[in-house]
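Now for the letters of each chain:
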Amino acid sequence: LEKCVTIRKQVVSTQSTGIMELTEHTSQVGSVQWSPIVPEYVAIGDYDNKVCLWNIEKQSLVRVMSGHTDRVGSLAWNEYILSSGSRSGNIFHHDVRVSDHHVATLVGHDLEVCGLTYSRDGKYLASGGNDNKVMIWTDRETTPVHQLIEHSAAVKALACPPLQRTC
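Rules of the game
Positions within a chain are numbered from 1, following the residues in the order the chain's sequence is written. This being a predicted model, a pLDDT of at least 70 is required before a residue's local features are given, and a value of 80 or more before pairs of side-chain atoms are given or counted; all residues contribute to the totals for chains, interfaces and linings. Where side-chain values are given, they derive from all heavy atoms of the structure, hydrogens and water being excluded. Helix numbers and strand numbers start at the N terminus; a helix is a DSSP run of H or I with at least 4 residues, a strand a run of E with at least 2. The buried label applies to any residue whose accessible area, calculated with a 1.4 Å probe on protein chains only, is under 20% of its type's maximum; exposed applies above 50%, and partly exposed to all values in between. The criterion for strand pairing is that DSSP finds at least two bridges linking the strands in question. The criterion used for residue contact is that any of the two residues' heavy atoms lie within 4.5 Å. N or O atoms within 3.5 Å of each other form a polar contact, as long as, within protein, one can give a hydrogen and the other can take it, and as long as residues adjacent in sequence are counted only when both atoms are side-chain atoms. To get an axis, fit a line to the C-alpha atoms, keeping to the stretch in contact for a helix; angles then go from 0 to 180 degrees between the N-to-C directions.

Caption draft 1: Here's a closer look at unusual backbone geometry. Within the chain, Gln59 stands out as a residue other than glycine whose phi angle is a positive 55 degrees. Look at Glu79: it is not a glycine, yet its phi comes out positive at around 55 degrees. Counting through the fold element by element, Glu79 comes out in the loop between strand S7 (72-78) and strand S8 (81-86). On the accessibility criterion, Glu79 (52% relative accessible area) is exposed.

Caption draft 2: Region of the structure containing the pairing of strand S6 (residues 60-65). As paired strands, strand S5 (residues 51-55) and S6 are joined by 5 bridges and run antiparallel to one another. The residue bridging Trp54 from the neighbouring strand is Leu61, located in S6. Counting the residues that bridge the hairpin from S5 to S6 gives 4 residues, and of these Gln59 lies at a positive phi of roughly 55 degrees.

Caption draft 3: Structural context of the environment of Asp139. Mapped onto the elements, Asp139 comes out in the loop between strand S13 (134-138) and strand S14 (146-148). With relative accessibility at 47%, the residue Asp139 sits in the partly exposed group. In this structure, the C-alpha to C-alpha distance between Asp139 and Leu125, residues 14 residues apart in sequence, is 7.4 Å. Apart from the residues lying within four places of it in its own chain, the contact partners of Asp139 are Gly122 and Lys123.

Caption draft 4: Highlighting the side chain of Ser119. You can see Ser119 is positioned in the loop between strand S11 (113-118) and strand S12 (124-129). Side-chain polar atoms of Ser119 contact the backbone nitrogen of Lys123, separated by 3.4 Å.

Caption draft 5: Structural context of the sheet that holds strand S3 (residues 29-34). The antiparallel open sheet is built from 4 strands, whose spatial order is S3-S4-S5-S6. Edge positions in the sheet fall to S3 and S6, since each has one partner strand and no second. Here the average twist between neighbouring strands, direction ignored, is 20 degrees. Both S3 and strand S4 (residues 41-46) contribute to a ladder of 5 bridges, which runs antiparallel. The residue of S4 that forms the bridge with Trp34 is Val42.

Caption draft 6: Inspection of the sheet that holds S13 at higher detail. Taking strand neighbours across the sheet as the criterion, the 4 strands line up as S11-S12-S13-S14 in an open arrangement whose pairing is antiparallel. A strand with exactly one partner marks an edge of an open sheet, and here the two such strands are S11 and S14. Adjacent strand axes in the sheet meet at a mean angle of 20 degrees when their direction is disregarded.

Caption draft 7: Seen up close, the side chain of Asp95. On the secondary structure map, Asp95 appears in strand S9 (residues 90-95). In contact with Asp95, not counting residues within four places along its chain, are Arg63, Tyr80, Ile81, His101 and Val103.

Everything listed here is a matter of geometry and, on its own, says nothing about what the molecule does.
Have a look at this one:
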């Protein structure tokens, strides 16, 4: 993992290369996730325990969201809520529209949160971790409503079925 994120944009002009590098990170990048609501926004989680929100069109840093006590290795969007999973095992919900962005903390994993994904309807969040667990959370609870604990290795990749509303 590097400290730089390279973005390749679709180019209309022949004078531009369409390559943009976000080099302001002081530590390694742990996760990257595009906003589904604001297409010019990309969130980047890093090993300095923070999440940076970038505006690619303006080539500027919109905000830095701190609070995690360890590296941020996973991100998922649910409209304007950005969820970030950390090596500490915690998941933070950030509302990117407000200055006091940290709106909830989900506690359940014993080790690093490696993967996050929302259901299509946004009512459920699935998380996977280095503790070999999958946890299902609702949009109203800060403790998991369901746990799958039979895995024999870390759960790093998750996906909800696209034709179902829920995970």
